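A closer look at the structure
For reference, the chains in residue letters:
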Amino acid sequence: MCLKNELMATFNRGEITEKELKVVLQTAEDLISNYKNREFDDITICEKHATEWLQEKKFTK
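Structural notes, computed from the coordinates. (Residues numbered from 1 in each chain as written. Predicted model: local features only at pLDDT ≥ 70, side-chain atom pairs only at ≥ 80, totals over all residues. Heavy atoms only, no water.)

Let's shift gears to the overall build of the protein. What the protein contains, in helices and strands, is three helices and zero strands. Per-residue burial for the protein yields a buried fraction of 8% across its 61 residues. Split by element, the accessible area of the protein, about 5500 Å² in all, is 55% carbon and sulfur. (Helix = DSSP H or I, 4+ residues; strand = E, 2+ residues; numbered from the N terminus. Buried < 20%, exposed > 50% of the residue type's maximum accessible area, 1.4 Å probe, protein only. Areas by Shrake-Rupley, 256 points an atom, 1.4 Å probe, with all protein chains shown as cover.)

Right, here's the structure in full:
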C-alpha cells in the first residue's frame, strides 16, 4: 500500500486529524522533492541512522 493510501485509511479510521494528515503529506512531498533535487544534504546522516536503528531493531522494514 502506498503512503497516501495508508494515511487516508488512518485518517478515515479517525486515528489522525485532518491537520495531522496535511502536515504528514506536505512533509513527505518536501522531503521527496528535496531528495530528487539533491537539496537534502542530510540524507547520508538519515541513511546512517536508519541502518543503525535497523541493526539495533529500533524499527523494522
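On to the pattern of salt bridges. A full pass over the atoms with the stated rule returns two salt bridges. Taking the shortest distance from any N to any O, the salt bridge between Arg-13 and Glu-15 comes out at 2.9 Å. By relative accessible area, Arg-13 is classed as exposed at 52%. In this structure, Lys-22 engages Glu-18 in a salt bridge whose closest nitrogen and oxygen atoms are separated by 3.3 Å. Placement of the pair is Lys-22 and Glu-18 together in helix H2 (residues 18-36), with a separation of four residues, close to one helical turn. By relative accessible area, Lys-22 is classed as exposed at 52%. (Salt bridge = Lys/Arg side-chain N within 4 Å of Asp/Glu carboxyl O.)

The next point concerns the side chain of Thr-10. Within the fold, Thr-10 resides in helix H1 (residues 3-12). Those residues within four positions of Thr-10 in sequence are excluded, and the remaining contacts are Glu-15 and Ile-16. (Contact = heavy atoms within 4.5 Å.)

A separate point is the packing of H1 against H2. The N-to-C vectors of H1 and H2 enclose an angle of 170°; their axes lie 10 Å apart at closest approach. Here H2 runs roughly antiparallel to H1, going by the angle between their axes. Where H1 approaches H2, its residues Leu-3, Lys-4, Leu-7, Met-8 and Phe-11 are matched on the opposing element by Glu-18, Leu-21, Val-24, Leu-25, Ala-28 and Glu-29. Considered class by class, the residues forming the contact of H1 with H2 number eight nonpolar, no polar and three charged. (Axes fitted to C-alpha atoms, helices over the stretch in contact; angles between N-to-C directions. Parallel < 35°, antiparallel > 145°, perpendicular 65-115°, else oblique. Nonpolar A, V, L, I, M, F, W, Y, C, P; charged D, E, K, R; others polar.)

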